[in-house]
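Chains, contacts and geometry: an overview
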Amino acid sequence: ETITVQELANRMAERAPNVIKALMKMGVMATINQPIDADTAELVVEEFGHEVKRVSEADVLEGLGGSEDKPEDMVSRPPVVTVMGHVDHGKTSLLDALRATDVVAGEAGGITQHIGAYQVQMASGDKITFIDTPGHEAFTAMRSRGAKVTDIVVLVVAADDGIMPQTVEAIRHARAAEVPVVVAINKMDKPGADPNRVRQELLNHELVVEEMGGDVLTVEVSAKQRLNLEKLEEAILLQAEIQDLKANPEREAEGTVIEAKMEKGRGSVATVLIRRGTLKVGDIFVAGTEWGRVRAMIDDRGNRIEEAGPAYPVEILGFQGTPQAGDDFVVVDDEAKAREVAGYRQRKEREALAVKSARGTMEQMFAKIKAGEAKELPVVIKADVQGSVEAIVGTLEKMATEEVKVRVLHSAVGGINESDITLAKASEALVIGFNVRANPQARELSRRDGVEIRYYSIIYDVAEDIKRALTGLLEPTF
Ligand code: GDP
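Each chain carries its own residue numbering, running from 1 in the written order of its sequence. This being a predicted model, a pLDDT of at least 70 is required before a residue's local features are given, and a value of 80 or more before pairs of side-chain atoms are given or counted; all residues contribute to the totals for chains, interfaces and linings. Values reported for side chains reflect all heavy atoms of the structure, with hydrogen atoms and water molecules removed beforehand.

Now for the site of the ligand. Not every one of the 15 residues close to the ligand is listed here, only the nearest: Asp-88, Lys-91, Thr-92, Ser-93 and Asp-189. Within the side chain of Ser-93, one N or O atom sits 2.5 Å away from an oxygen atom of the ligand. Bound to the protein, the ligand loses 74% of the 580 Å² it would expose on its own. As a working rule, the residues Ala, Val, Leu, Ile, Met, Phe, Trp, Tyr, Cys and Pro are called nonpolar, Asp, Glu, Lys and Arg charged, and the rest polar, with Gly in that last group. For the shell around the ligand, a count of residues per class yields 2 nonpolar, 7 polar and 6 charged. One heavy atom within 4 Å of a molecule or strand is enough for the residue carrying it to be called near that molecule or strand. Whenever a nitrogen or oxygen atom comes within 3.5 Å of another N or O atom, the pair is scored as a polar contact, on the condition that within protein one atom can donate a hydrogen and the other can accept it, and that pairs from neighbouring residues in sequence are kept only if both atoms are in side chains. Here the accessible surface of atoms and residues is derived via Shrake-Rupley with a 1.4 Å probe, and residues count as covered only by protein chains that are part of the display.

As structure tokens, this is what we get:
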């Protein structure tokens with residue numbers, strides 16, 4: 001454990017040059033950004049006449065959300081839905097059309113606010129929350145930050161076009177996140193619409209639809225003609241019922257940031273989806289490395305509200321800094337606690353960034369395997385021909401030690417693209433390129449996100465590397 005001279009000075013509220021002088025007296029030559037060990041730091045703190053208090057993670061994060069709810073306090077909550085699918089298959093149109101089915105907005109004259117998510121109330125009184133940034137980028141970005149927001153994925157497939165590459169990607173993402181899929185077969189108004197072909201094609205991707213004896217619900221819709229939208233909503237509610245979604249509304253709020261930005265005149269604003277509890281104006285909170293006090297809340301219908309319960313998306317004013325999508329949001333007792341946690345996380349983040357730039361995914365993975373924390377080695381495989389893909393998948397899936405096995409998240413023919421990297425990042429997976437390379441965007445993204453890509457041209461080498469990885473022996477390459 002170490003602390004930089006600057007950080008130590010900050011915590012003691014002393015000037016850094018004075019800390020450097022004190023260190024010199026002890027025979028330690030240090031610059032302002034140099035890390036010094038905990039024992040040396042302790043001596044310096046005593047030298048300044050301060051009380052030594054080593055803060056552990058557990059101390060700082062104590063009492064910060066996460067506590068269990070009693071079963072009797074759990075109340076049904078609306079499902080949270082993300083819409084995914086191939087470009088131009090109608091995700092945006094469908095989100096707009098679904099939004100228009102809201103009976104409450106209808107009454108109020110339909111003034112809507114874009115805050116990153118909205119809730120629809122059906123005539124039956126049932127509610128559904130939709131995340132209204134379509135596409136798998138937002139979905140995986142959030143998941144890679146540890147946030148599990150989505151209960152159900154609505155997969156949009158155009159009836160006149162069928163399963164396309166991004167449809168397949170969306171299926172992979174949903175599967176990796178273990179989120180059930182409801183299929184909306186869209187554009188049924190078009191002359192070339194062929195819903196049965198879509199159902200048939202889904203079969204090739206292990207989505208067995210109800211009509212074929214499976215459990216995947218499909219609904220034929222037209223976003224354009226607003227056809228069968230209630231049917232789609234009913235299918236979503238049916239899927240939600242199977243999952244028995246519940247939350248305790250009577251506690252301090254916890255949620256997830258789904259969108260955040262800096263706005264002129266309003267400061268940092270973020271949309272938070274409440275996971276459990278009820279958020280109230282005046283509550284003090286921590287969100288990722290930021291904190292704040294709820295100054296005002298605005299819902300997706302443009303209303304200022306005083307309280308927000310489970311699965312309700314609200315835009316919050318009162319952040320001290322701008323959090324990130326996917327950040328955890330937790331109400332705390334007081335400002336001192338909020339500052340302490342946010343400050344601690346900011347320090348941790350700086351340290352982690354320094355470590356991350358020095359180590360690859362693989363090395364971190366080995367550390368986890370060695371420590372017994374990881375049971376699987378997730379991989380994404382891209383190769384030049386189908387035969388190689390199959391050979392590699394077959395070889396790797398057969399390899400497993402007592403402790404760990406390989407989990408193939410995605411395998412396909414083709415170069416490594418951004419989607420492969422986002423998928424890998426979300427699951428901390430290794431990307432294997434067999435006789436293929438990554439495109440420049442994917443390379444850039446992999447560098448930024450610390451996702452490791454390994455290139456091979458001999459299957460034996462892949463097998464050898466993975467075998468060593470599974471036994472925690474592989475030397476990292478840089
Ligand atoms: P996204 O890229 O998946 O968000 O797709 P959009 O919602 O932007 O739709 C792509 C195009 O398909 C637009 O020109 C829409 O007007 C059209 N479209 C979307 N839904 C339907 C539909 O149900 N029927 C027809 N005929 N066109 C649709």
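That covers the picture; the talk isn't over yet.
Okay, the nonpolar core next. Residues belong to one nonpolar core when they are buried, are Ala, Val, Leu, Ile, Met, Phe, Trp, Tyr or Cys, and are joined through side-chain atoms within 4.5 Å. Accessibility here uses a 1.4 Å probe with only protein chains present; expressed as a share of the type maximum, an area under 20% marks a residue as buried, one over 50% as exposed, and anything in between as partly exposed. Counting residues in hydrophobic clusters, the biggest one holds 27 residues, and the most contacted among them are Leu-94, Phe-130, Val-154, Leu-232 and Ile-236. A run of H or I in DSSP becomes a helix once it reaches four residues, and a run of E becomes a strand once it reaches two; helices and strands are each numbered from the N terminus. Of all the elements in the fold, those that place two or more residues in this core are strand S4 (80-85), helix H5 (91-99), strand S5 (117-121), strand S6 (127-131), strand S7 (152-158), strand S8 (181-186) and helix H10 (229-243). It is H10 that contributes the most residues to this core, 6 residues altogether. Whether two residues are in contact is decided by their heavy atoms: any pair within 4.5 Å suffices. Filtering out sequence-adjacent residues up to four positions away, Val-154 remains in contact with Val-81, Thr-82, Val-83, Met-84, Leu-94, Val-182, Ala-184 and Ile-236.

Turning our attention to the pattern of salt bridges. Should a side-chain nitrogen of Lys or Arg be within 4 Å of a carboxyl oxygen of Asp or Glu, the pair is scored as a salt bridge. Scanning the model with the defined rule gives 30 salt bridges in all. Close ionic contact of Asp-160 with Lys-190 constitutes a salt bridge, the shortest N to O distance being 3.1 Å. With Asp-160 in the loop between S7 and helix H8 (165-176) and Lys-190 in the loop between S8 and helix H9 (195-203), this residue pair connects regions lying 30 residues apart in the sequence. Asp-160 sits in the partly exposed class, given a relative accessible area of 28%. You can call Lys-190 partly exposed: its relative accessible area is 36%. Each of the salt bridges in this network shares a partner with another, and the network as a whole consists of Asp-69, Arg-251, Glu-254, Arg-275, Arg-276 and Asp-328.

A contiguous patch of negative charge on the surface is contributed by Glu-72, Asp-73, Glu-250, Glu-306 and Glu-307. Residue placement: Glu-306 occurs in the loop between strand S16 (304-305) and strand S17 (307-308). By relative accessible area, which is 58% here, Glu-306 ends up exposed. Within the patch definition used here, like charges are joined within 9 Å and nonpolar side chains (Val, Leu, Ile, Met, Phe, Trp, Tyr) within 5 Å, considering only residues with over 30% relative accessible area and no salt bridge. Two residue types count as positive, namely Lys and Arg, and two as negative, namely Asp and Glu; His and chain ends fall outside the count. To locate a charge, take NZ of a lysine, CZ of an arginine, CG of an aspartate or CD of a glutamate.

With a phi angle near 55°, Ala-13 is a residue other than glycine that sits in the positive phi range. Looking at the secondary structure, you find Ala-13 in the loop between helix H1 (5-12) and helix H2 (16-25). Despite not being glycine, Ala-311 shows a phi value in the positive range, around 65°. The exposure class assigned to Ala-311 is buried, which follows from its relative accessible area of 1%.

Note on definitions: angles span 0 to 180 degrees between N-to-C directions of axes, and those axes are lines fitted to C-alpha atoms, for helices only across the stretch in contact. Running from N to C, H8 and helix H14 (residues 418-426) cross one another at 5°; their axes reach a closest spacing of 11 Å. Between H8 and H14, the interaxial angle falls into the category roughly parallel. Mapping the contact onto sequence places Glu-169, His-173 and Ala-176 in H8 and Ser-419, Thr-422 and Leu-423 in H14. Per-class residue counts for the contact of H8 with H14 are 2 nonpolar, 3 polar and 1 charged. Oblique is the label for any angle not under 35 degrees, not over 145, and not in the 65 to 115 range, which are roughly parallel, roughly antiparallel and roughly perpendicular in turn.

The next thing to look at is empty space enclosed by the protein. Grid points spaced at 1 Å and placed over the protein atoms alone form the basis of the search, with a cavity being a set where a 1.4 Å probe fits but cannot get out and a pocket an open set showing protein on both sides within 12 Å along at least five of seven lines. Lining residues have an atom within 4 Å of a point. Grid points are joined across faces, edges and corners, and a volume is the space filled by probe spheres set on the points. Under the counting rule described, the total for this entry stands at 1 cavity of 30 Å³ or more. Volume-wise, the largest cavity comes out at about 30 Å³. For the largest cavity, the full set of lining residues is Arg-99, Asp-102, Ala-105, Thr-112, Tyr-118, Gln-119, Asp-300 and Arg-301. When the residues that make up the lining of the largest cavity are grouped by side-chain class, the tally is 2 nonpolar, 2 polar and 4 charged.

Between 30 and 60 degrees the pair is tilted, below 30 it is stacked and above 60 it is edge-to-face, where a pair is any two Phe, Tyr or Trp rings, Trp via its six-membered ring, whose centres lie within 6.5 Å. In total, this model carries 4 aromatic pairs according to the counting rule given. By way of ring pairs, the aromatic residues Phe-285, Phe-319 and Phe-329 are connected into one cluster. Think of it as a cone above the ring: NZ of Lys or CZ of Arg counts as a charge over the ring if it is within 6 Å of the ring centre and within 35 degrees of the ring normal. Looking at Arg-437, its charged tip hangs above the ring of Tyr-455, at a distance of 3.8 Å from the centre.

Our next topic: the sheet that holds strand S21 (residues 405-413). DSSP bridges decide pairing: two strands pair if at least two such bridges lie between them. In spatial order, the strands read S21-S20-S22-S23; together these 4 strands make up an open sheet with parallel pairing. Each end of this open sheet is capped by a strand with a single partner; those strands are S21 and strand S23 (453-456). Going across the sheet, the axis of each strand differs from the next one's by a mean of 25°, ignoring polarity. By the bridge criterion, 5 bridges tie strand S20 (residues 376-383) to strand S22 (residues 430-434) in an arrangement that is parallel.

Remember, this is a structural readout, not a statement about activity or role.
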